[in-house]
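Here are the chains, one letter per residue:
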There are 2 protein chains.
Amino acid sequence: MPHIHLPEGLQGIRSAMAFRPETAKPLNDLAEVLLHAPNSLPQGDRELIATYVSYLNDCYFCQTVHGAIAAACLDDDYNLVKRVKADFQAAEISNKLKSLLVIAAKVQKGGKNVTSEDIQAARAQGATDTEIHDTVLIAAAFSMYNRYVDGLDTWQPHDEALYRERGKKTAQDGYVSMSKEYLRQS
Amino acid sequence: MPHIHLPEGLQGIRSAMAFRPETAKPLNDLAEVLLHAPNSLPQGDRELIATYVSYLNDCYFCQTVHGAIAAACLDDDYNLVKRVKADFQAAEISNKLKSLLVIAAKVQKGGKNVTSEDIQAARAQGATDTEIHDTVLIAAAFSMYNRYVDGLDTWQPHDEALYRERGKKTAQDGYVSMSKEYLRQS
């Protein structure tokens, strides 16, 4: 049961956002810019970074939602998402994304873990300053979203099918338009 | 030296925000709602929570800036801010704030660390659901801001006087109006 009285019937972060629409707005605006807005980093790659950080933080809701969005973006049957979580260095993703996942995993542990060598390795794979910036901020932002979702002990039904349909919709419509739906419900 | 080419002469998060104004906007909007907008939790208490989490994450820039804002809000000569960082249970703050700092410190380590007993203890000191929600989200948000600031290895001059004047201005004007200044400079 959630630690505070959150609206019932909404999963994970959606219940917390319906409880406090004032903070929901910037939280959704940030996700929209980082994950859905046009970017030289493909949408699926950005969602894989979000998924991987959420996996490292052991947040069921975030890793399942963003895994579903990544799968929808990449037209993946979830095998790739699972392989990235298990061992991204062995997964069929670009070397550039691997170098960015190394940085994201360091940020998840704490920002000071990122080294100049990590940045040089990403640059050697063609990563731009903005792509490195966005990787650091996606990893930092999911260090927030994960703590928010689990720190309130939100309702997170363990049924992946529930998340798959929503993943397809969010992949297409993004975060700001999706949020209007449950903020209206509350 | 920062890991990427950030605008020079701006400290900490300000350089990263000037580099990427698209993400600066929701980041400042979130800080504004959580720390500066009217709230039943006093502004100084909210800034102390932000300072304490930033201290636990060893982020010099954030703990010094938000410590300066807290000191300005509380008309403190920095002794209280220092005592909260060293041992908040022994500091001259309310029992309610102590119970919220316990929750914030758990969130800093990971959301799943927060227990029902922690929440009950905060309720017993008069904390409302919204105050508990905001404490969890402030602690989660600084787990992001701290990683962002240090993950890019931003410039953080170690001169507290530099931060004190700015702390007074931000305490009064808030985050959105302050951000316009350096976003214009960039």
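Details of the structure are given in the entry above.
I will try to describe carefully the structure that is included in this document. (Residues numbered from 1 in each chain as written. Chains lettered and ligands numbered in written order. Predicted model: local features only at pLDDT ≥ 70, side-chain atom pairs only at ≥ 80, totals over all residues. Heavy atoms only, no water.)

**Considering the relation of the copies chain B and chain A**
Superposing chain B onto chain A takes a rotation of 180° plus a shift of 0.0 Å along the axis, which leaves an RMSD of 0.0 Å. Such a combination of rotation and displacement between the chain copies is what one expects of a two-fold axis. Every residue of chain B has its C-alpha some distance from the rotation axis, and the shortest such distance is that of P26(B), at 2.3 Å. Taken as a fraction of all interface residues of chain B, those also at the interface in chain A reach 100%, which identifies the copy contact as same-surface. (Least-squares fit on C-alpha atoms with pLDDT ≥ 70 in both. Contact = heavy atoms within 4.5 Å.)

**A word on the interface of chain B and chain A**
As a measure of interface size, the accessible area lost when the parts come together is often cited. Residue-level contacts link 44 residues of chain B with 44 residues of chain A. Across the chain B to chain A interface the summed buried area is about 3,600 Å²; carbon plus sulfur atoms make up 66%. Its largest share of buried area at the contact with chain A, chain B owes to H3(B), H133(B) and R147(B), together 19% of the area lost on that side. Applying the counting rule to chain B against chain A returns 6 salt bridges. Between R20(A) and D134(B) there is a salt bridge, with the nearest N and O atoms lying 2.6 Å from each other. The interface formed by chain B and chain A holds 20 residue pairs in polar contact (both at pLDDT 80 or more) in total. The greatest single-element share of the side of chain B that touches chain A, amounting to 15 residues, is contributed by helix α8 (residues 129-151) of chain B. Classifying every residue of the side of chain B that touches chain A gives 20 nonpolar, 13 polar and 11 charged. (Buried area = accessible area lost by both parts, 1.4 Å probe. Salt bridge = Lys/Arg side-chain N within 4 Å of Asp/Glu carboxyl O. Polar contact = N/O pair within 3.5 Å; in protein donor to acceptor, adjacent residues only side chain to side chain. Helix = DSSP H or I, 4+ residues; strand = E, 2+ residues; numbered from the N terminus. Nonpolar A, V, L, I, M, F, W, Y, C, P; charged D, E, K, R; others polar.)

**Details of the side chain of D134(B)**
Looking at the secondary structure, you find D134(B) in helix α8. Overall, D134(B) belongs to the buried group, its relative accessible area being 0%. (Buried < 20%, exposed > 50% of the residue type's maximum accessible area, 1.4 Å probe, protein only.)

**Structural notes on helix α3 (residues 43-56) of chain A**
Residues and elements named next belong to chain A. Relative to the 20 Å expected for 14 residues at 1.5 Å per residue, α3 spans 20 Å between its end C-alpha atoms, a close match to the ideal helical length. Taken residue by residue, α3 has G44, D45, R46, E47, L48, I49, A50, T51, Y52, V53 and S54 as its buried positions. With its phi angle positive at about 55°, D58 sits one or two positions after the end of α3. (Expected span 1.5 Å × (residues − 1).)

**A few points about the packing of helix α4 (residues 60-74) of chain B against helix α5 (residues 79-87) of chain B**
Packed helix pairs are specified by the crossing angle of their axes together with the interaxial distance, meaning the distance between the axes. Residues and elements named next belong to chain B. The geometry of α4 relative to α5 is characterised by a closest axis approach of 9 Å and an angle of 125° between their N-to-C directions. As summarised for this structure, α4 and α5 are arranged oblique, according to the angle between their axes. Crossing handedness for the pair α4 and α5: right-handed. Taken together, the residues of α5 that come into contact with α4 (itself represented by Q63, G67, A70, A71 and L74) are L80, V81 and K85. By residue class, the composition of the contact of α4 with α5 is 5 nonpolar, 2 polar and 1 charged. (Axes fitted to C-alpha atoms, helices over the stretch in contact; angles between N-to-C directions. Parallel < 35°, antiparallel > 145°, perpendicular 65-115°, else oblique. Left-handed = near helix turned anticlockwise from the far one by under 90°.)

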